[in-house]
Amino acid sequence: MAAQPIRFFQTGTHVVGNRLLDPADRSVQADEHRFNSLTSGHRACQGCGEALGARYVLDAAMRATGGQVVVVNATGCLEVFSTPYPETAWRLPWLHSLFGNAPAVATGVAAALHAQGRDDVRVVAQAGDGGTVDIGFGALSGMFERGDDVLFVCYDNEAYMNTGVQRSGATPPAAATTTTPAVGPAPGAPFGQGKDLPRLAMAHEIPYVATATVADLRDLEAKVTRAMGIHGPRYLHVLVPCPLGWGSASRDTIRLARLARDTALFPVFEAEFGEVTAVSMLRERRPVREYLEPQGRYAHLFGDPGRPDLVAGIQTLADRNVRRYGLMEEH
Amino acid sequence: MDEPFAITLDVGSSLANHTGTWRTERPVYLDRTPPCSAACPAGEQIQRWLYDAEDGGYEAAWRTIMRANPFPAVTGRVCYHPCESACNRGELDTEVGIHSVERFLGDEAVRAGWTPDPVATATGRRVLVVGAGPSGLSAAHHLARLGHAVTVRDAQPQPGGMMRYGIPAYRLPRDVIDAEITRILALGVTLETGTTVDDVEAAAREFDAVYLAVGAQLGHRTAIPAGDGARILDAVALLHDVAAGQPPALGRRVVVYGGGDTALDAARSARRLGATDPLVVYRRTHDRMPAHDAELAQAVEEGVTVRWLSTVAHADAETITVERMELDERGFPQPTGEFEDLAADTLVLALGQDVDSSALTGVPGMLDEAGLVRTGPDFATARPGVFAGGDAVAGERTVTTAIGNGAQAAARIDAYLRGVPLKTPPLPPPATFDLLNTVYYSDAPASVRPRLDLARRVSTFDEIEGGLDADTALFEARRCLSCGTCFECDNCYGMCPDNAITKLGPGLRFTIDYDYCKGCGICVAECPAGAITLEPEES
């Protein structure tokens with residue numbers, strides 16, 4: 001579609017749908033006949049960001065490929081809540097093997113399809129942050145390095161939630177988990193540890209790396225659509241708030257994802273072959289305090305006396321993201 | 001059982017698992033009362049017609065207005081738009097230009113010749129409306145549409161009341177009044193102009209019901225000590241004579257005494273009739289002036305000056321004497337004994353208006369102490385079957401209030417004639433700004449209406465404000481936040497982690513599947529309009 005100035009549409013593309021937009025310009029999720037890759041009755045907690053993120057990603061992938069998708073799932077919340085034997089909430093071909101081997105299984109599925117001449121069928125592998133940054137990382141790095149034709153999606157809720165909220169390599173500094181309790185001089189997860197998987201993926205110089213949140217549906221769908229138009233290894237990292245593990249209200253899932261972006265704690269960008277090519281500029285920048293305070297896992301930072309030094313430390317991380325990715329207009 | 005090795009159960013779907021049982025609170029859709037509609041004196045469902053206009057459905061939008069107000073082209077010009085003062089968008093950037101969109105729709109209807117919805121079956125009941133002003137004609141419109149035979153009588157040669165004889169043409173062109181009145185008469189309303197109703201009791205016996213909308217047409221009299229040759233007019237008579245095409249000679253130096261919109265209308269009319277620098281004398285301060293700020297600003301632009309904290313003590317042939325006032329601690333002006341003479345050819349009094357009650361004095365209990373027609377909240381007077389509204393009863397004296405009175409009284413007269421109680425459903429809870437999730441709305445500054453240049457404003461009675469073009473009106477309508485009312489943005493549908501919301505299609509909104517809704521509240525939190533609420537589940 002040729003670029004043309006969009007007429008004022010009340011909410012523009014900020015909302016899911018918008019009746020005033022041409023149907024072709026509406027989101028996949030606004031379609032009353034959308035595929036619903038993950039259907040009702042799954043056992044995710046109230047307000048689960050991961051259930052939402054998985055449906056967003058896979059519905060967009062289904063539309064982009066004309067319904068030709070096979071999904072490989074690592075162990076984790078997403079696997080457990082969707083498939084208690086013998087039920088399944090998936091409405092597309094779906095495989096689960098082990099916690100750490102989803103990237104390797106996906107490689108095998110892609111190779112098998114290729115051997116059968118079914119290159120029209122595309123492979124999406126998905127895992128939580130534990131399965132991606134810790135347990136499955138060796139297999140994932142291999143998948144990137146070999147150049148396998150798989151989109152790997154990490155739904156990052158920043159800890160091992162399903163097993164009882166243990167710290168993972170994606171748990172942010174100062175966040176309390178059951179293995180990094182809010183005690184002692186440095187409460188919560190330590191500063192200076194953990195892995196920044198989008199940047200590790202970029203270091204493999206694969207064709208496409210992107211980050212997204214469940215708060216910006218259009219952006220997420222556009223990135224999935226883009227990724228499905230590329231062959232070779234691709235990586236998508238989606239921030240999915242977890243009311244259980246974050247100690248937040250179930251209704252605040254979207255709001256927290258939006259604040260993670262607007263505070264710059266979670267930079268939203270795209271990269272091709274190791275270089276950042278696009279970033280989501282901050283529409284209105286928020287201080288990190290607004291994001292941290294509604295979350296029980298940061299409760300020890302606030303109140304009397306609280307830990308303003310640690311809040312300032314987290315703000316420093318946000319400031320670095322603004323500089324690193326150029327999230328603000330230059331003045 | 002013919003299962004593969006080590007498999008004992010058939011594949012099942014998660015749909016068998018009704019997660020709705022987890023819920024402790026349930027989301028429920030509701031329409032709240034948007035602040036614009038709550039503030040509208042004419043009772044318009046403003047959010048609803050802006051919604052119609054947003055996708056270019058101008059005729060549908062106009063029909064929605066017409067269900068409350070048969071004069072959108074008039075009120076789109078002269079209403080003081082309390083809707084815009086109440087608009088939640090004012091807290092975001094600037095309020096929606098509701099008034100401008102209403103005018104656009106009103107003008108579009110006249111241009112395209114849209115006609116009101118069909119009239120109901122004739123009831124055989126006859127209603128007399130006394131006064132062909134905005135209130136009387138509004139009542140006539142609604143009563144006629146309900147199937148009653150309506151006769152309107154008015155003492156003036158032309159219908160319109162204060163719209164024609166009180167509001168100057170530069171604010172309300174005559175062809176606009178004519179077009180909207182013609183449309184009402186086309187419903188089958190009988191109009192008898194030049195006819196004075198001087199016996200209400202007799203009229204009440206002749207008709208099944210009477211609506212008194214006689215207005216407040218008499219300039220309030222105040223005795224100003226005056227010498228020989230002092231020329232003193234009252235503002236109502238001045239505006240009437242200008243409207244009737246017989247403007248009086250005023251001279252170059254005109255002083256208007258009073259602080260309401262009528263005082264400003266008189267001063268601005270005098271400016272157009274050749275007064276070089278009209279002066280308004282008002283006894284209190286700017287912040288206490290009853291005139292609307294926009295009117296004052298336009299008057300000042302046109303060369304009208306205001307002398308605050310002053311009263312007129314004496315009038316002579318060439319001069320008037322004013323006394324400086326001071327406000328006491330309660331805010332009342334008190335004399336200071338300091339006088340000053342000002343040159344003046346004419347003094348115009350604009351000190352309020354009274355009801356001409358000569359036709360009502362024979363009916364006991366009809367008037368209150370202030371000389372207004374006494375009515376209850378149902379617009380009924382002391383005489384059964386006689387109702388009253390508009391400027392003649394206590395309340396705000398604006399065209400829009402008069403129109404609203406007419407519509408509400410018509411509903412009550414209809415109920416009276418049918419012998420059934422009027423059912424008015426209670427208003428849903430208000431849609432306050434804090435219920436909105438404004439991150440979803442695009443930034444959009446308000447659009448402005450073109451204005452006639454100043455040179456022509458001070459020399460002619462041409463209309464000052466232009467209308468919006470179709471593109472701008474559409475833009476302005478789309479600035480509406482749809483407070484408290486679903487506008488089908490799909491957020492609830494798209495953001496439910498449990499697919500528990502079904503989209504029913506354009507105009508049909510959504511429904512919640514409580515078999516699967518876990519009650520997380522995301523739909524409530526992310527609804528831009530605050531049109532979903534959480535209610536506790538019964539335990």
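Note that the structure is a prediction, hence the values are computed from the model and not measured.

(A) Region of interest: the overall build of chain A. Within chain A, the regular secondary structure consists of 11 helices and nine strands. Taking 331 residues into account, the globule formula puts the C-alpha radius of gyration at 20 Å, and chain A, at 19 Å, falls close to it. Projected onto the principal axes, the alpha-carbon positions of chain A cover approximately 65 × 50 × 40 Å. Burial status across chain A gives 58% buried among its 331 residues. Long-range pairs, those at least 24 residues apart, make up 69% of the contacts in chain A with a sequence separation of at least 6. Both charge centroids of chain A, one from 31 positive and one from 35 negative side chains, sit 4 Å from each other.

(B) Representation of the pairing of strand E14 (residues 333–343) of chain B in the model. All names here are of chain B. In this structure, strand E13 (residues 319–327) lies alongside E14, joined through eight bridges in antiparallel fashion. When the bridges of E14 are listed, Leu-327 appears paired with Pro-333. The antiparallel pairing of E13 with E14 creates a hairpin that spans five residues between the two strands, and Gly-331 there sits at a positive phi of about 90°.

(C) Spotlight on the packing of helix H3 (residues 102–115) of chain A against helix H5 (residues 137–146) of chain A. Residues and elements named next belong to chain A. Contact geometry for H3 and H5: axes closest at 7 Å, N-to-C directions at 35°. Where H3 approaches H5, its residues Pro-103, Ala-104 and Thr-107 are matched on the opposing element by Ala-139, Leu-140, Met-143 and Arg-146. Across the contact of H3 with H5, the residue classes tally to five nonpolar, one polar and one charged.

(D) Molecular detail of the nonpolar core. Membership of the largest hydrophobic core comes to 71 residues, with the highest contact counts inside it found for A:Val57, A:Leu236 and A:Val238. It is helix H1 (residues 49–65) of chain A that contributes the most residues to this core, nine residues altogether. Excluding residues within four positions of it along the chain, A:Val57 makes contact with A:Val153, A:Tyr155, A:Leu220, A:Val224, A:Leu236 and A:Val238. Core analysis: the next-biggest nonpolar cluster, separate from the first, contains 60 residues, B:Val150, B:Met163, B:Ala213 and B:Ala477 among them.

(E) Quick look at the side chain of A:Thr263. Residue and element names in this part refer to chain A. Inspection of the secondary structure puts Thr-263 in the loop between helix H9 (253–262) and strand E8 (269–272). Take Thr-263: its relative accessible area is 0%, and that puts it in the buried class. At 2.7 Å, the side chain of Thr-263 and the backbone oxygen of Leu-259 are in polar contact. Of note is the side chain of Thr-263, whose polar atom sits 3.2 Å from the backbone oxygen of Ala-260. Apart from the residues lying within four places of it in its own chain, the contact partners of Thr-263 are Arg-285, Arg-286, Pro-287, Val-288, Tyr-291 and Ala-318.

(F) Quick look at the sheet that holds strand E5 (residues 150–156) of chain A. All names here are of chain A. Reading across the sheet, the eight strands line up as E3-E1-E4-E5-E7-E6-E8-E9 and stay open at both edges, with mixed pairing between neighbours. For this open sheet the edge positions go to strand E3 (94–96) and strand E9 (275–279), each flanked by a neighbour on one side alone. Adjacent strand axes in the sheet meet at a mean angle of 20°, parallel and antiparallel pairs treated alike. Where E8 meets E9, four bridges bridge the pair, whose relative direction is antiparallel. Bridging from a neighbouring strand, Ala-271 pairs with Val-276 of E9. Packed on one face of the sheet, helix H7 (residues 217–228) meets strand E4 (122–128), E5, strand E6 (208–213), strand E7 (234–239) and E8 and runs near 160° to E6.

(G) Examining the interface of chain B and chain A more closely. Listed per partner, the contact involves 57 residues of chain B and 47 residues of chain A. Of the roughly 4,400 Å² buried between chain B and chain A, counting both surfaces, carbon and sulfur atoms make up 48%. Sorting the residues of chain B by area buried against chain A places B:Arg478, B:Tyr493 and B:Asn499 first, and these three jointly supply 15% of that buried surface. On the surface where chain B and chain A come into contact, there are three salt bridges. As a salt-bridge pair, B:Asp55 and A:Arg19 come within 3.4 Å of each other at their nearest N and O atoms.

(H) Broad picture of the side chain of B:Arg63. Residues and elements named next belong to chain B. With respect to the helices, strands and loops of the structure, Arg-63 is situated in helix H3 (residues 58–66). At a separation of 2.9 Å, a polar atom in the side chain of Arg-63 contacts the side chain of Glu-59. For Arg-63, the side chain forms a polar contact with the main-chain oxygen of Thr-115, separated by 2.8 Å. Here Arg-63 is in contact with Trp-114, Thr-115, Pro-116 and Asp-117, once residues within four sequence places are set aside.

(I) Quick peek at helix H12 (residues 261–272) of chain B. Residues and elements named next belong to chain B. For H12, with 12 residues, the first-to-last C-alpha span of 16 Å sits near the 16 Å given by 1.5 Å per residue. Of all the 12 residues making up H12, 10 are buried; the element is thus mostly covered by neighbouring parts of the structure. Buried within H12 we find Asp-261, Ala-263, Leu-264, Asp-265, Ala-266, Ala-267, Arg-268, Ser-269, Ala-270 and Arg-272. Contact partners of the buried residues in H12: helix H11 (235–243), strand E9 (254–257), strand E10 (279–281), helix H13 (293–301), strand E15 (346–349) and helix H15 (454–457). Downstream of H12 by one or two residues, Gly-274 has phi in the positive range, about 115°.

(J) A look at the packing of aromatic side chains. Counted according to the given criterion, the structure contains 14 aromatic pairs over all chains. Their ring planes at 80° and their centres at 5.0 Å tell us that B:Tyr58 and B:Phe104 sit as a pair that is edge-to-face. With B:Tyr58 in helix H3 and B:Phe104 in helix H6 (residues 98–112), this pair connects stretches of sequence that are 46 residues apart. By relative accessible area, B:Tyr58 is classed as buried at 16%. Taking the relative accessible area as the measure of exposure, B:Phe104 reaches 7% and is therefore buried. Ring geometry for B:Trp62 against B:Trp114: centres 5.8 Å apart, planes inclined by 50°, an arrangement best described as tilted. Placement of the pair is B:Trp62 in helix H3 and B:Trp114 in the loop between H6 and strand E3 (126–130), with a sequence separation of 52 residues. By the burial criterion, B:Trp62 is buried, and B:Trp114 matches it. By the ring-pair criterion, three or more aromatic residues cluster together here, those being A:Phe144, A:Phe152 and A:Tyr235. Positioned over the ring face of A:Trp246 is A:Arg297, at 4.0 Å from the centre of the ring. Across from the ring centre of B:Tyr514, 4.1 Å away, lies the NZ or CZ of B:Arg26, which sits over that ring.

(K) Here's a closer look at the pattern of salt bridges. Residues and elements named next belong to chain B. Following the criterion strictly, the structure yields 62 salt bridges over all chains and no others. For Asp-93, the salt bridge goes to Arg-479, with nearest N and O atoms at 3.0 Å. Of this pair, Asp-93 sits in the loop between helix H5 (82–86) and H6 while Arg-479 sits in the loop between helix H16 (470–477) and helix H17 (491–495); the two residues are 386 residues apart in sequence, bridging distant segments of the chain. The exposure class assigned to Asp-93 is partly exposed, which follows from its relative accessible area of 30%. The exposure class assigned to Arg-479 is buried, which follows from its relative accessible area of 0%. Of the charged contacts, one joins Arg-307 and Glu-340 as a salt bridge, the two residues approaching to 2.6 Å between their closest N and O atoms. Of the two residues, Arg-307 is situated in strand E11 (residues 305–307) and Glu-340 in strand E14; the sequence distance between them amounts to 33 residues. Among the charged side chains, a salt-bridge network with shared partners connects Arg-171, Asp-265, Arg-268, Arg-272, Glu-295, Glu-301, Glu-302, Arg-451, Arg-457 and Glu-465.

Scoring rules and cut-offs
Residues numbered from 1 in each chain as written. Chains lettered and ligands numbered in written order. Predicted model: local features only at pLDDT ≥ 70, side-chain atom pairs only at ≥ 80, totals over all residues. Heavy atoms only, no water. Helix = DSSP H or I, 4+ residues; strand = E, 2+ residues; numbered from the N terminus. Rg over C-alpha atoms; globule rule 2.2 N^0.38 Å. Buried < 20%, exposed > 50% of the residue type's maximum accessible area, 1.4 Å probe, protein only. Contact = heavy atoms within 4.5 Å. Lys, Arg positive; Asp, Glu negative; His and termini not counted. Charge placed at Lys NZ, Arg CZ, Asp CG, Glu CD. Pairing = 2+ DSSP bridges. Axes fitted to C-alpha atoms, helices over the stretch in contact; angles between N-to-C directions. Nonpolar A, V, L, I, M, F, W, Y, C, P; charged D, E, K, R; others polar. Core = buried A, V, L, I, M, F, W, Y, C linked by side-chain atoms within 4.5 Å. Polar contact = N/O pair within 3.5 Å; in protein donor to acceptor, adjacent residues only side chain to side chain. Buried area = accessible area lost by both parts, 1.4 Å probe. Salt bridge = Lys/Arg side-chain N within 4 Å of Asp/Glu carboxyl O. Expected span 1.5 Å × (residues − 1). Phe/Tyr/Trp six-rings, centres within 6.5 Å; stacked < 30°, edge-to-face > 60°. Lys NZ or Arg CZ within 6 Å of the ring centre and 35° of its normal.

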